[in-house]
Amino acid sequence: MKNSTPQPTYVILGSGGHTAEMCRLTQALLQQADIEQTKKYQPIRLILASSDSTSERQFRQALPQASQKAEFVKVPRSRNVGQSWLTSIFTSLWALLWSCYMVWRDRPQLILCNGPGTCVPFCYAAYLWRLFGRLPSHSRIVFVESFCRVETLSLSGRLLLPLADLFVVHWPALATRYVGKKNVRYFGRII
């Protein structure tokens with residue numbers, strides 16, 4: 001039996017620069033010349049950490065029309081800035097369980113992220129559910145490394161490199177370093 005509920009696109013926001021970059025990426029996604037392609041990515045669920053007090057406002061200011069159509073979903077944060085590594089084990093597990101539930105429920109067609117820690121549990125949950133056949137084979141994880149990462153990957157990038165379907169870098173030095181990885185792509189500056 002085919003699920004008639006549209007499969008959403010998850011756009012994962014992080015604080016500050018991550019959200020600014022994601023606003024530009026989302027705008028590009030929604031302003032494609034082909035209206036049918038744009039509709040393909042609807043509905044959009046904007047995922048942000050429950051303790052993130054700025055991303056929703058920042059997104060609404062940058063993309064007011066997209067904000068009206070999108071749903072903002074607050075989720076547990078894997079690790080707070082300054083949190084000890086020991087206690088982050090438990091908060092990360094809680095975030096992973098929450099992510100597993102949401103991915104199971106929504107079956108997103110696309111997870112678009114750029115490095116905030118909030119994205120890691122969602123990407124792992126999607127990867128696991130795809131292995132178990134819960135997500136359709138066309139469902140994709142797209143990780144766009146932050147523009148500020150010139151020579152090395154972020155921690156999120158290192159964790160997600162093995163499972164992202166498409167891993168985008170902005171700098172030739174970074175692309176050269178990971179040449180041979182089938183999922184790494186360099187398109188020049190995209191944001």
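Scroll up for the structure.
Let me begin by describing the structure that accompanies this report. (Residues numbered from 1 in each chain as written. Predicted model: local features only at pLDDT ≥ 70, side-chain atom pairs only at ≥ 80, totals over all residues. Heavy atoms only, no water.)

Sheet analysis places strand β5 (residues 140–144) next to strand β6 (residues 166–169), joined by three bridges and oriented parallel. In the strand pairing of β6, V144 is matched with V168. The β-α-β motif built from β5, the intervening helix α7 (residues 155–160) and the parallel element β6 has right-handed crossover chirality. As paired elements, β6 and strand β7 (residues 184–186) share three bridges and run parallel to each other. Across the sheet, residue F167 finds its bridge partner in β7, namely V184. Handedness of the crossover joining β6 and β7 through helix α8 (residues 172–177): right-handed. (Pairing = 2+ DSSP bridges. Helix = DSSP H or I, 4+ residues; strand = E, 2+ residues; numbered from the N terminus. Right-handed = clockwise from strand over helix to strand, strands pointing away.)

Turning to a nonpolar patch on the surface, a few remarks are in order. Nonpolar side chains collect at one region of the surface, where L86, I89, F90 and L93 lie side by side and expose about 450 Å² of accessible area between them. Within the secondary structure, L93 sits in helix α5 (residues 85–106). (Patch = residues over 30% accessible without salt bridge, like charges linked within 9 Å, V, L, I, M, F, W, Y side chains within 5 Å. Areas by Shrake-Rupley, 256 points an atom, 1.4 Å probe, with all protein chains shown as cover. Salt bridge = Lys/Arg side-chain N within 4 Å of Asp/Glu carboxyl O.)

Turning our eyes to something else, we now look at the sheet that holds strand β2 (residues 44–49). Read from one edge to the other, the open sheet built from seven strands follows the order β3-β2-β1-β4-β5-β6-β7, with strand pairing classed as parallel. Each of the sheet's edge strands pairs with one partner strand only, and the pair in question is β3 (71–75) and β7. For this sheet, the mean angle separating the axes of adjacent strands, direction not counted, is 20°. Strand direction decides the pairing type here: strand β4 (residues 110–113) and β5, joined by four bridges, are parallel. Of the residues in β5, the one forming a bridge with I111 is I141. Relative to the sheet, helix α6 (residues 119–131) contacts β1 (9–12), β2, β3, β4 and β5, its axis offset from that of β5 by approximately 150°. (Axes fitted to C-alpha atoms, helices over the stretch in contact; angles between N-to-C directions. Contact = heavy atoms within 4.5 Å.)

So, on to the layout of surface pockets. Rolling a probe over the atoms, with the probe sized like a water molecule, indicates the empty space that remains. Taken as a whole, the largest pocket spans an internal volume of roughly 700 Å³. The set of elements that each furnish at least two residues to the lining of the largest pocket consists of α5, α6 and α7. Its residues placed into classes, the lining of the largest pocket shows twelve nonpolar, 14 polar and five charged. Considered as a void within the structure, the second largest pocket measures approximately 290 Å³ in volume. (1 Å grid on protein atoms, 1.4 Å probe; cavity = no way out; pocket = protein on both sides within 12 Å on 5 of 7 lines; lining within 4 Å. Points joined across faces, edges and corners; volume = space filled by probe spheres on them. Nonpolar A, V, L, I, M, F, W, Y, C, P; charged D, E, K, R; others polar.)

This part covers helix α1 (residues 17–30). Helix length check: α1, at 14 residues, gives a terminal C-alpha distance of 20 Å against a target of 20 Å (1.5 Å per residue), a fit within 8%. Every buried residue of α1 is accounted for by T19, E21, M22, C23, L25, T26 and L29. (Expected span 1.5 Å × (residues − 1). Buried < 20%, exposed > 50% of the residue type's maximum accessible area, 1.4 Å probe, protein only.)

A separate point is the pattern of salt bridges. Note that side chains of opposite charge can pair when their charged atoms are close. One pass over the structure, following the stated rule, counts five salt bridges. Between R45 and E71 there is a salt bridge; the shortest N-O distance is 2.6 Å. Highlighted residues: R45 in strand β2 and E71 in strand β3, separated in sequence by 26 residues. Taking relative accessible area as the criterion, E71 reaches 39% and is therefore assigned partly exposed. In this structure, the salt-bridge partner of E56 is R60, at a minimum N-O distance of 2.9 Å. With E56 and R60 both in helix α3 (residues 55–62) and four residues apart, this pair spans about one turn of that helix. Connected through shared salt-bridge partners, R45, E71, R105 and D106 make up one network.

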